[in-house]
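Structural characterization, general
Spelled out, the chains give:
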Amino acid sequence: MSTAGKAIKCKAAVLWETHKPFSIEEIEVAPPKAHEVRIKMVATGVCRSDDHVISGNFVTPLPAVLGHEGAGIVESVGEGVTSVKPGDKVIILCLPQCGECNTCLNSKNNICKEVRLSGTHLTSEGNSRITCKGKIVYQYITTGTFSEYIVIKEISVAKIDEGALLEKVCIIGCGFATGFGAAINSAKVTPGSTCAVFGLGGVGLSVIIGCKTAGAARIIGVDTNKDRFAKAKTVGATECIDPRDFEKPIQKVLFDMMNGGVDFCFEVTGNPETVETALASCHKDHGVCVIVGSIASWVQINISSQLFFSGRTLKGSVLGGWKTKDEIPKLVSDCMAKKFNLDPLITHTLTLDKVNEAIQLMKNGQCIRCVLLP
Ligand code: COD
Ligand code: ZN
Ligand code: ZN
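Description of the structure in this document.

**Some details on the overall build of the protein chain**
Regarding its fold elements, the protein chain presents ten helices and 19 strands. Its C-alpha radius of gyration of 20 Å places the protein chain within 12% of the 21 Å reference for a compact globule of 374 residues. Seen through its C-alpha atoms, the protein chain measures out along the principal axes to roughly 65 × 40 × 35 Å. Put simply, the protein chain has 374 residues, and 56% of those count as buried. A separation of at least 24 residues holds for 70% of the contacts in the protein chain among residues at least 6 apart in sequence. Counting every atom, the protein chain has about 15600 Å² of accessible surface; 51% of that belongs to carbon and sulfur. The protein chain carries 40 positive and 37 negative side-chain charges, and their two centres are separated by 1 Å.

**Focus: the coordination of the zinc ion (ligand 2)**
The coordination sphere of the zinc ion (ligand 2) contains the protein donors Cys47 (SG), His68 (NE2) and Cys174 (SG), at a distance range of 2.0 to 2.3 Å. Mapping the donors of the zinc ion (ligand 2) onto the primary sequence gives the spacing C-x20-H-x105-C. Remark: cysteine 174 occurs in the loop between helix H3 (166-169) and helix H4 (175-187) and histidine 68 occurs in the loop between strand S4 (64-65) and strand S5 (69-77); sequence separation between them is 106 residues. The exposure classification of histidine 68 matches that of cysteine 174, with both residues buried.

**Let's talk about the pairing of strand S16 (residues 288-291)**
The two faces of the sheet receive side chains in turn, since in a regular strand these alternate between them. Going residue by residue along S16, you find Val288 and Val290 tucked away on one face and Cys289 and Ile291 tucked away on the opposite face as well. Two elements, strand S15 (residues 264-267) and S16, share four bridges in a ladder whose sense is parallel. Paired with cysteine 265 across the bridge in S16 is cysteine 289. In this view, the connection linking S15 to its parallel neighbour S16 by way of helix H8 (residues 272-280) has right-handed handedness. Pairing geometry for S16 and strand S17 (residues 313-316), over four bridges, is parallel. Looking at the pairing, cysteine 289 lines up with leucine 314 of S17.

**Concerning the layout of surface pockets**
Of the voids in this model, the second largest pocket is the one considered here, and its volume is about 330 Å³. Mapped by element, the contributors of at least two residues to the lining of the second largest pocket are H4 and S17. Here the residues of the lining of the second largest pocket sort into three nonpolar, eight polar and five charged.

**Description of the environment of glycine 181**
Within the secondary structure layout, glycine 181 lies in helix H4. Measuring from C-alpha to C-alpha, the distance between glycine 181 and glycine 210 comes to 6.9 Å, with 29 residues separating the pair along the chain. Setting aside residues no more than four positions away along its own chain, glycine 181 makes contact with Phe176, Ser186, Gly320 and Trp322.

**Some remarks on the coordination of the zinc ion (ligand 3)**
Those protein atoms acting as donors to the zinc ion (ligand 3) are Cys98 (SG), Cys101 (SG), Cys104 (SG) and Cys112 (SG), and they sit at 2.3 to 2.4 Å. One way to put it: the four donor atoms around the zinc ion (ligand 3) meet at angles of 104 to 116°, and that makes the site tetrahedral. Sequence spacing of the donor residues for the zinc ion (ligand 3), all on one chain, is C-x2-C-x2-C-x7-C. The two residues cysteine 101 and cysteine 104 agree in class, both being buried.

**Some remarks on the sheet that holds strand S9 (residues 138-139)**
Taken in spatial order, the six strands of this open sheet run S8-S7-S2-S1-S4-S9, and their pairing is mixed. If you trace the sheet from one side to the other, it starts and ends with strand S8 (135-136) and S9, each paired once.

**Describing the pairing of strand S12 (residues 194-198)**
Buried residues dominate S12, accounting for five of its five residues. Burial along S12 is two-sided: the residues Thr194, Ala196 and Phe198 and Cys195 and Val197 are all buried. As paired strands, S12 and strand S13 (residues 218-222) are joined by five bridges and run parallel to one another. Bridged to valine 197 within S13 is glycine 221. Handedness of the crossover joining S12 and S13 through helix H5 (residues 202-213): right-handed. Note that S12 and S15 share four bridges and pair parallel. Each bridged residue has a counterpart across the sheet, and for alanine 196 the counterpart in S15 is cysteine 265.

**Digging into the site of ligand 1**
Taken together, 25 residues surround ligand 1, and among them Ser49, Val203, Asp223, Asn271 and Ser294 come closest. Contacts to ligand 1 include valine 203, whose backbone N or O atom sits 2.9 Å from an oxygen atom. Between ligand 1 and aspartate 223, the relevant distance is 2.7 Å, taken from an oxygen atom to a side-chain nitrogen or oxygen of the residue. In isolation ligand 1 has 920 Å² of accessible area, and contact with the protein removes 86% of it. Of all the secondary structure elements, the ones that give two or more residues to the shell around ligand 1 are helix H1 (48-54) and H5. Here the shell around ligand 1 is composed, by residue class, of five nonpolar, 16 polar and four charged.

Basis of the calculations
- Residues numbered from 1 in each chain as written.
- Chains lettered and ligands numbered in written order.
- Predicted model: local features only at pLDDT ≥ 70, side-chain atom pairs only at ≥ 80, totals over all residues.
- Heavy atoms only, no water.
- Helix = DSSP H or I, 4+ residues; strand = E, 2+ residues; numbered from the N terminus.
- Rg over C-alpha atoms; globule rule 2.2 N^0.38 Å.
- Buried < 20%, exposed > 50% of the residue type's maximum accessible area, 1.4 Å probe, protein only.
- Contact = heavy atoms within 4.5 Å.
- Areas by Shrake-Rupley, 256 points an atom, 1.4 Å probe, with all protein chains shown as cover.
- Lys, Arg positive; Asp, Glu negative; His and termini not counted.
- Charge placed at Lys NZ, Arg CZ, Asp CG, Glu CD.
- Donors = N, O, S within 2.8 Å, 3.2 Å for Na, K, Ca; no water.
- Pairing = 2+ DSSP bridges.
- Right-handed = clockwise from strand over helix to strand, strands pointing away.
- 1 Å grid on protein atoms, 1.4 Å probe; cavity = no way out; pocket = protein on both sides within 12 Å on 5 of 7 lines; lining within 4 Å.
- Points joined across faces, edges and corners; volume = space filled by probe spheres on them.
- Nonpolar A, V, L, I, M, F, W, Y, C, P; charged D, E, K, R; others polar.
- Tetrahedral: all angles 85-135°; square planar, octahedral: opposite > 155°, others 65-115°.
- Near = heavy atom within 4 Å.
- Polar contact = N/O pair within 3.5 Å; in protein donor to acceptor, adjacent residues only side chain to side chain.

In structure tokens, the structure reads:
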């Protein structure tokens with residue numbers, strides 16, 4: 001029996017309060033309104049940003065369904081939807097692309113005016129299409145993929161190749177695109193260059209894959225957790241170092257190793273202190289440092305003014321600079337064409353009801369990317 005036009009009762013992981021575990025709840029997902037799409041979620045990665053909400057580092061209205069790195073199948077569409085239809089395989093875009101704002105009309109930009117990175121509001125009334133026990137449950141950054149079904153705007157979803165393995169390509173929706181694009185689009189890593197990547201989690205490893213794809217000659221992984229070194233080398237790091245193994249500061253080590261610093265450096269630990277270290281590791285004349293990790297909004301970053309008495313560049317990057325609706329499906333096709341391999345990044349696959357276990361694995365540094373199956 002078709003579910004189109006009717007509310008769907010299903011399960012989702014709901015966060016009622018910060019510092020508390022998720023509870024698996026029965027929720028009701030309303031039918032999509034005009035320019036909205038209802039999706040049966042098939043797979044969703046767990047990202048550090050989800051944990052930042054639990055710990056209170058990212059402030060967002062609760063209760064909410066978290067999760068923003070997902071893939072699924074279109075169940076039904078609202079009036080006026082033209083880019084997807086029921087049955088299509090799709091990827092969720094945590095950064096929408098409306099196609100009409102100043103950003104979308106500029107070929108170089110990607111932070112569309114519809115982005116709600118610090119909010120949850122899906123609709124103009126400021127709520128979501130999900131309720132639980134009669135109460136509105138918000139959808140984190142307008143997505144909320146830790147659910148069996150969700151409704152999102154058409155600008156936040158893109159059709160992907162029908163042969164794509166959703167339990168694999170879902171991580172392209174945030175973590176992979178963020179890291180890979182930081183190297184390709186934000187830093188614009190050049191062939192034969194030298195790169196250093198601070199932080200070898202799923203996003204840092206994706207940066208390494210980007211540096212390798214761009215033809216970097218040396219890629220140095222930097223992490224205080226040596227357990228991450230083997231995987232970093234598998235995906236393309238030419239060497240890995242632990243700052244604690246040196247007497248001199250790591251920026252001095254890299255500066256000396258690379259004759260004046262690395263060409264490209266990436267901060268992917270999420271620590272405010274590492275930003276200055278990464279910038280100082282860059283070549284004094286032309287080095288480019290990209291901040292990939294997001295840091296709580298109230299944190300100030302201290303950087304010595306001396307570091308800018310040089311030709312260095314420090315820049316930000318959001319979701320790897322991709323124009324999501326146009327370019328994320330191409331990344332999915334590139335993955336299927338084996339231009340890069342996501343397998344080393346996905347260390348755990350669990351059912352959605354194990355979401356708290358997945359968060360714990362991430363907090364303990366025991367997983368790279370954990371994929372949940374709703
Ligand atoms: N020096 C060296 N390594 C360090 C240091 C340090 N001072 N501190 C931590 N590390 C290492 C840890 O040992 C760990 O191996 C690594 O850094 C971090 O890895 P994970 O497993 O925590 O993480 P990732 O790669 O999944 O996420 C890290 C980010 C910093 C990218 C993440 O916290 C983040 O900020 N994500 C949001 C980025 C974004 O813009 N996303 C788009 C929307 S969500
Ligand atoms: Zn994310
Ligand atoms: Zn836009």
